[in-house]
Amino acid sequence: MGFGQRLLGIVWYVHSPAALMVQAAPVECMQALAVAAKPSQQRLHLRNLFTEGRRYYLQPALDGFRLTSSSRIPWRRGRTTIAAVLLGRFSDAGDGATRLELYARMRLVYFLDIFFIPSFITSIMVFAPWPTWLITLLAVALYALSWTWHRLTATLQAAEMVYFVQKALEDLTPYQTPALAASAPDVVAPDFRQEWERFYHQRKNNEGAAEASDDRP
């Protein structure tokens, strides 16, 4: 990985790429995501996805989908800014399975918002009668704090959306219990009832013999 790709991963992308294997067609995956994105009392097992008034906005794409999310602001009316975009790409994995790759990046408008307030304050500090080194240090600190705040917010939204996709599609990948081989020791034999009766009578006889020995003078 080159320096440019690493820098892009630090600045632009806010979540490590993830991949899911789903035993369903892309159309079925999109239907499951669209249904899960709507809160319903019939899907109480997904209620944790909608805490804090969280909502998901699903948009189909040519080879996948585009997903964004926002939450309710508790201290006033309104919703949080959409900070991250989750991109999903479908590909055929064979045997009726689909591979889903997930990439999360900052939203372009939200990324540009990093520079707005620091640039405005820096333009004011330039005219202050302060040493150049102090103005430079304060400007760098403002940009660093703004970038850190924006990135953490986008990273949190991206993690929530990745979790949403995983929960929405987990019903399409049921766990299949592996079959036991005929020679495995855990396989119950066909004559289990006979073996159990033999074990029962043997145990009964042993208990009777023990009681008889106790009754002897």
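Residues numbered from 1 in each chain as written. Predicted model: local features only at pLDDT ≥ 70, side-chain atom pairs only at ≥ 80, totals over all residues. Heavy atoms only, no water.

A. Fine view of the overall build of the chain. Secondary structure assignment for the chain yields 6 helices and 5 strands. In the chain, the succession of α and β elements from N to C terminus is α-β-α-β-β-β-β-α-α-α-α. Counting over 217 residues, the chain shows a buried share of 28%. By element, 61% of the accessible surface of the chain is carried by carbon and sulfur atoms, the whole surface being about 15,400 Å². (Helix = DSSP H or I, 4+ residues; strand = E, 2+ residues; numbered from the N terminus. Buried < 20%, exposed > 50% of the residue type's maximum accessible area, 1.4 Å probe, protein only. Areas by Shrake-Rupley, 256 points an atom, 1.4 Å probe, with all protein chains shown as cover.)

B. How the structure looks around the packing of helix α4 (residues 116-125) against helix α5 (residues 132-169). Two elements in contact, α4 and α5, have axes separated by 9 Å at closest approach and are oriented at 170°. One element, α4, and the other, α5, form an angle in the roughly antiparallel class. Taking contact as the criterion, the partners of Pro118, Ser119, Ile121, Thr122 and Met125 in α4 are, on α5, Ile135, Leu138, Ala139, Leu142, Tyr143 and Ser146. Of the residues assigned to the contact of α4 with α5, the class counts are 8 nonpolar, 3 polar and no charged. (Axes fitted to C-alpha atoms, helices over the stretch in contact; angles between N-to-C directions. Parallel < 35°, antiparallel > 145°, perpendicular 65-115°, else oblique. Contact = heavy atoms within 4.5 Å. Nonpolar A, V, L, I, M, F, W, Y, C, P; charged D, E, K, R; others polar.)

C. The nonpolar core, seen in detail. Counting 37 residues, the largest nonpolar core has Phe65, Leu102, Phe164, Val165 and Leu169 as its most contacted members. Looking at this core, the elements with two or more residues in it are β1 (13-22), α2 (26-36), β3 (64-70), β4 (84-94), β5 (97-106), α3 (108-112) and α5. Not counting residues up to four positions away in its chain, the partners in contact with Leu102 are Pro17, Ala18, Leu20, Phe65, Leu86, Leu87, Gly88, Val162 and Val165. (Core = buried A, V, L, I, M, F, W, Y, C linked by side-chain atoms within 4.5 Å.)

D. Local environment of the sheet that holds β3. Spatially, 5 strands are ordered β1-β5-β4-β3-β2 in an open sheet, and the strand pairing comes out antiparallel. The open sheet has two free edges, formed respectively by β1 and β2 (55-60), since each of these has just one partner strand. Going from strand to strand, the sheet's axes swing by 20° on average, the running direction of each strand aside. The pairing of β1 with β5 spans 7 bridges and is antiparallel. In the strand pairing of β5, Val22 is matched with Thr98. With respect to the sheet, α2 is in contact with β1, β2, β3, β4 and β5, its orientation differing from that of β2 by roughly 155°. (Pairing = 2+ DSSP bridges.)

E. Just the side chain of Ser69, in detail. Note on placement: Ser69 falls in strand β3. For Ser69, a relative accessible area of 1% gives the class buried. A polar side-chain atom of Ser69 sits 3.1 Å from the main-chain carbonyl oxygen of Arg55. Once residues within four sequence positions are removed from consideration, Ser69 is found in contact with Arg54, Arg55, Tyr56, Tyr57, Ile82, Gln157 and Met161. (Polar contact = N/O pair within 3.5 Å; in protein donor to acceptor, adjacent residues only side chain to side chain.)

F. Main features of the pattern of salt bridges. Inspection of every chain in the model, using the stated rule, returns 4 salt bridges. Residue Glu101 pairs with Arg99 through a salt bridge whose shortest N-O separation is 3.1 Å. Here Glu170 and Lys167 are joined by a salt bridge, their closest N and O atoms 3.2 Å apart. If you follow the salt bridges from partner to partner, you end up with Glu52, Arg54 and Glu160 in one network. (Salt bridge = Lys/Arg side-chain N within 4 Å of Asp/Glu carboxyl O.)

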